[in-house]
Amino acid sequence: MILFSTLLLTSLLAPLPQQDAVILQPDAIVAADGSLQEGMSVVVKEGRIVEVAAEPTTAGTTVRLSGVLAPGMIDAFSGHGADRLLTEQSLKTTPDLRAVDGLQLSSPIWESLMARGVTAVHITPDATNVVAGWGALVSTAGKERVIEAKTRMIGSLVQSAINDDRVGPSSLAGAVEILEATFANAAAKEYRNNMWFFVESAESARAMENLTSDLKDSNNHAILMGEVGSFGGAFAGQLVGLPTMSYGALARRAATWELMHKAGVRFAFGTRAGNREWDSLRTSAMALSRFTGSATAAWASVTSNPAEMLGMESEVGSLKVGARADLVLWTGHPLDSTATVTAVFMDGTTAYRATSEEN
Amino acid sequence: MKDGLKGRENHVDSLDNLMTRRLVRRILTNGRIPSRSLRNHPLNLRTHLAALCGTLLLSSAPALAQETGYSRTYVIQADGAWVGPGIYLEPAFIQITDGRVVWVSDQDRRRESKNMLGQSTGKTKMITVSGILAPGMVDAWSSYAPADFQAERRPSSTRRVEDSLPMQVAMEDPVLYAQVMAARSAGVSATYMAGGHSGLRRGVGTAVEFTALDLPLKAGREALDFAVGSAAQPGFERTYQSEELWSAFVEAKVWRNSWDDYDEEVEKYTEELEKYQEKLEKYLTEKKEWDVKQEAKGPLAGDGEDGDEDKEPKAPKRPKLPKEPESSIARDLLLSAMDGAIQVRVVADRVHDIREVIKLKKEFGLDLVLLGAYDADFLAKELAAAEIAVILPVVQDHHATPDPDRSFAKRYLALREAHVTVAIASGGSDGAQFMLPIRAGEIVAAGGSQEGVWASLTSVPAKILGLTDYGTLHTGMSATMILFEGASPFDASAPFKAHKPK
């Protein structure tokens, strides 16, 4: 049975029995390398991807989609949809603070994010404490909104956070001292190998390196703030977080991103401390594509890279079998600036659809 | 070895030419614009003769090919070409000679060329590429300015960017060189370098094209740059600068209306100058005589008998130089603008300021372009009626709290719907040229026509800047192009390259 896209939106809703698989047949899918693949179907059952194939073997209801089907984008570190301040400033370290406790699920921002093709947001505490607290991965729609309540511990070696007048270390050395003391606690075992550090200089990058190099199985990542061009080279071959593009000095930014890309640095874009425009995630990916000439690297920076940095690549950020079926239907390639979001599917239903007046 | 150097010699030659001509022009004009508004004044005859000589020198200069340093002939075969509005070829063949399009066709139109003896020398070299060719973008508003211009301690309202353009960009002005390289790699083929970046009066900017060595070279027209009011920033609703600009024009007009008085002043001055000449000669003779007498008396002469003091002849007085009638380059520039001889570009964001700008154009009949124009969508009809072209910067939204109902795309579409001529530019943001096609694509996504939006990046800004050789790929136009492999130049999922002619 083939339904056409006009019928799709309603057909995916209630009438279908939950157990039935749905075979989505778009014009093309966005493959892991960012290229378009035509003639592929994505089979979804109970909110999960069960098969991706040209001729799927799973039985189910076939739905013809006009457009390009892609995994939803992930905001690697964000403050959207949560309390404006996610920090506790009366304490030097706040390892028990959880971003998930500051969520504002009723905010209208979630729908706006879906309209821009974002299906998961990693909410992180403000990087004002040396050990700031736990991040949370939140889905922009669906029955269970919190995908992971304790993702990664956020740390900060950012000079501006260190130097402010509030409680905290007064120097980078002081920050290192506090971190070493904190890591010596048994409680730190839970997170010290899986931290994300906001860094903004070669010095803070080195401090992070020294702190974590003696830890076994360290899987720490850095989020690069400030003048990335002056210290980005220290992260050759690594996966790093990067604030979305803010305007100004774009020529230098372009050169920096291109050089880092050539040095094997992979990026995961986040909107915290970046541009507050809601579609800046995609804009940054498009800019990265232009700057580096690699659509593969650009597409990964908003999908599989943030997932990998979170250690959740089997859950989100790709069209892998077994992953959450957080899917976005676009009118063209998501990195084509003329493309728009037609619909977003989550939990096996249509979570969002574009109103005709928007197009 | 010699062959390898041939192109270079050619270029050095052209640079020399360039330097000489620029130097001559600089001396001739010497900071003064040979103003049309003053052409009736006898005082300015000399200036005009000088300007005429300058024009003759300029017109006898070598053709553009040598100026820009592009010297090769070749044919590019591509999957297609966006030649200009309404003209799309598939496939496309373009012959390029000296950096210009010789012909463009969907067929290979190469003919066998022959040498002087009638022997065949084969066909022109063909380069095959995959993707679609399109004209390079014209960035009608950049933040670029030569270091020499920026180094000025007190920005002058009469300085010309052209006078500050470097002769050799890579060594002389590395910052500008990096900016030009970035713009070129982003697919920009020509741009506008504004006179200054702050203050009400910013001087005289100019449109520029780029040479084979990435040197920005004056092309198209010059314009007077102004900025009024505040940026579209909350908390800074308006300033009174737009009124200031208004009074400057009014003052210039009043001055022009009192030309008869000025004529009299000039005549009087000329007479006085002649008298002064006579007086000066007389004085010099007297002074010489007096000096001789003084010397003959000896050093103690003055201290002699007290009674003779009154009889001692006094030293002759040097006559006073008559006062020149006041002239003002700044005012002359405003008068040129009123004559339509020079374009006026005004940066204004707020409704109040834009209203003033419309009033300015109507009252003084200016060739006026509005830049920034954050609130222009509120006055779309007025702008259309006043025939004011608008240059929207792609990175403006960061000034204000992003308003989803008045996004960049929506503001553009509102202006176009009212038939306002709109160009899209990088604006005051360094390096934003990379964002031009991406932000422009958002307009297409919001319902704008692909062709219209592309025109706003190419032919429309070219026309505003008077760059008659840019904006399309028709015969005779610049062959600085882009090559895209995606669905359109707005598609960032596929390769996009800039083609710099050889």
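The model shown is predicted, which means the values in this text are computed figures rather than measured ones.

### Considerations on the overall build of chain A
- The helix and strand tally for chain A stands at nine helices and 21 strands.
- Every one of the 359 residues in chain A was classed for burial, and the buried ones make up 58%.
- For chain A, restricting intrachain contacts to residue pairs at least 6 apart in sequence, the fraction spanning at least 24 positions comes to 67%.
- Put simply, chain A shows about 14200 Å² of open surface, and 49% of that area lies on carbon and sulfur atoms.

### Considerations on the packing of aromatic side chains
- Inspection of the entire model under this criterion finds 15 aromatic pairs over all chains.
- Both rings, one in F231 of chain A and one in F235 of chain A, keep their centres 6.4 Å apart while their planes meet at 75 degrees; by these two values the pair is edge-to-face.
- Residue F235 of chain A is classed as buried on the basis of its relative accessible area, which comes to 4%.
- Members of the aromatic cluster, each reached through a chain of ring pairs, are W257, F267, F269 and F291 of chain A together with F434 of chain B.
- Here R345 of chain B stacks its cationic end above the ring of Y192 of chain B, 3.4 Å away from the centre of that ring.
- The aromatic ring of Y74 of chain B is capped on one face by K502 of chain B, whose charged end is 5.4 Å from the ring centroid.

### Notes on the interface of chain B and chain A
- Across the contact, 27 residues belong to chain B and 24 residues belong to chain A.
- In total, about 2100 Å² of surface goes out of reach between chain B and chain A, with carbon and sulfur atoms giving 62% of it.
- At the surface where chain B touches chain A, the tally comes to zero salt bridges.
- Taken together, the connections running from chain B to chain A amount to six residue pairs in polar contact (both at pLDDT 80 or more).

### Remarks on helix α13 (residues 408-417) of chain B
Residue and element names in this part refer to chain B.
- All buried positions along α13 are accounted for by F408, A409, R411, Y412 and L415. All buried residues of α13 project into a common sector of 165 degrees when viewed along the axis, lining one side.
- Residues of α13 that are buried make contact with α12 (380-385), β14 (389-393), β15 (422-425), α14 (436-445) and α15 (450-457).
- H419, located one to two residues past α13, shows a positive phi value of around 65 degrees.

### What to know about the sheet that holds strand β4 (residues 92-97) of chain B
Residues and elements named next belong to chain B.
- Ordered in space as β5-β4-β1-β6, the four strands form an open sheet in which the pairing is mixed. If you trace the sheet from one side to the other, it starts and ends with β5 (100-105) and β6 (126-128), each paired once. If you compare each strand with its neighbour and ignore which way they point, the axes differ by 20 degrees on average.
- Summarising the sheet, β4 and β5 pair through five bridges and their orientation is antiparallel. In the sheet register, Q95 faces β5, and the bridge partner there is W103.

### Some thoughts on the confidence of the model for chain B
Residue and element names in this part refer to chain B.
- When pLDDT is averaged across chain B, the result is 80; 78% of the residues are at 70 or more.
- Taken as a whole, residues 1-66 scores under 50 in pLDDT and shows 74 contacts with residues more than four places along the chain or in a different chain.
- Between residues 232-238, whose pLDDT stays under 50, and residues either more than four places distant or in other chains, the model counts 19 contacts.

### Remarks on the nonpolar core
- Counting residues in hydrophobic clusters, the biggest one holds 156 residues, and the most contacted among them are L224 of chain A together with L370, L383 and I424 of chain B.
- A per-element tally of this core places helix α7 (residues 280-292) of chain A first, with six residues.
- Counting the residues that make up this core, at least three belong to each of domain 1 (2-71 + 317-358) and domain 2 (73-309) of chain A.
- Filtering out sequence-adjacent residues up to four positions away, L370 of chain B remains in contact with V346, A348, I354, V357, A376, L383, I388, A389, V390 and I391 of chain B.
- The next biggest cluster of nonpolar side chains, apart from the first, holds 24 residues, and it includes A190, A227, A462 and L465 of chain B.

### Details of unusual backbone geometry
Residues and elements named next belong to chain B.
- Across the junction of E90 and P91, the peptide omega takes the value -10 degrees, indicating a cis bond.
- Looking at where P91 falls in the secondary structure, it is placed in the loop between β3 (87-89) and β4.
- Positioned with a positive phi, D98 is a non-glycine residue whose angle comes to about 50 degrees.
- Of the residues examined, D98 reaches a relative accessible area of 27% and is grouped as partly exposed.

### Here we look at a negative patch on the surface
All names here are of chain B.
- On the surface, a cluster of negative charge is made up of D260, D261, E264, E265, E267, E271, E272, E274, E278, E281 and E326.
- With respect to the element layout, E326 can be found in the loop between α9 (259-297) and α10 (329-338).
- Residue classification places E326 among the exposed residues on the basis of a relative accessible area of 64%.

The rules behind the values
Residues numbered from 1 in each chain as written. Chains lettered and ligands numbered in written order. Predicted model: local features only at pLDDT ≥ 70, side-chain atom pairs only at ≥ 80, totals over all residues. Heavy atoms only, no water. Helix = DSSP H or I, 4+ residues; strand = E, 2+ residues; numbered from the N terminus. Buried < 20%, exposed > 50% of the residue type's maximum accessible area, 1.4 Å probe, protein only. Contact = heavy atoms within 4.5 Å. Areas by Shrake-Rupley, 256 points an atom, 1.4 Å probe, with all protein chains shown as cover. Phe/Tyr/Trp six-rings, centres within 6.5 Å; stacked < 30°, edge-to-face > 60°. Lys NZ or Arg CZ within 6 Å of the ring centre and 35° of its normal. Buried area = accessible area lost by both parts, 1.4 Å probe. Salt bridge = Lys/Arg side-chain N within 4 Å of Asp/Glu carboxyl O. Polar contact = N/O pair within 3.5 Å; in protein donor to acceptor, adjacent residues only side chain to side chain. Arc of directions from axis to C-beta. Pairing = 2+ DSSP bridges. Axes fitted to C-alpha atoms, helices over the stretch in contact; angles between N-to-C directions. pLDDT = per-residue confidence, 0-100. Core = buried A, V, L, I, M, F, W, Y, C linked by side-chain atoms within 4.5 Å. Domains from an automatic or database assignment. Patch = residues over 30% accessible without salt bridge, like charges linked within 9 Å, V, L, I, M, F, W, Y side chains within 5 Å. Lys, Arg positive; Asp, Glu negative; His and termini not counted. Charge placed at Lys NZ, Arg CZ, Asp CG, Glu CD.

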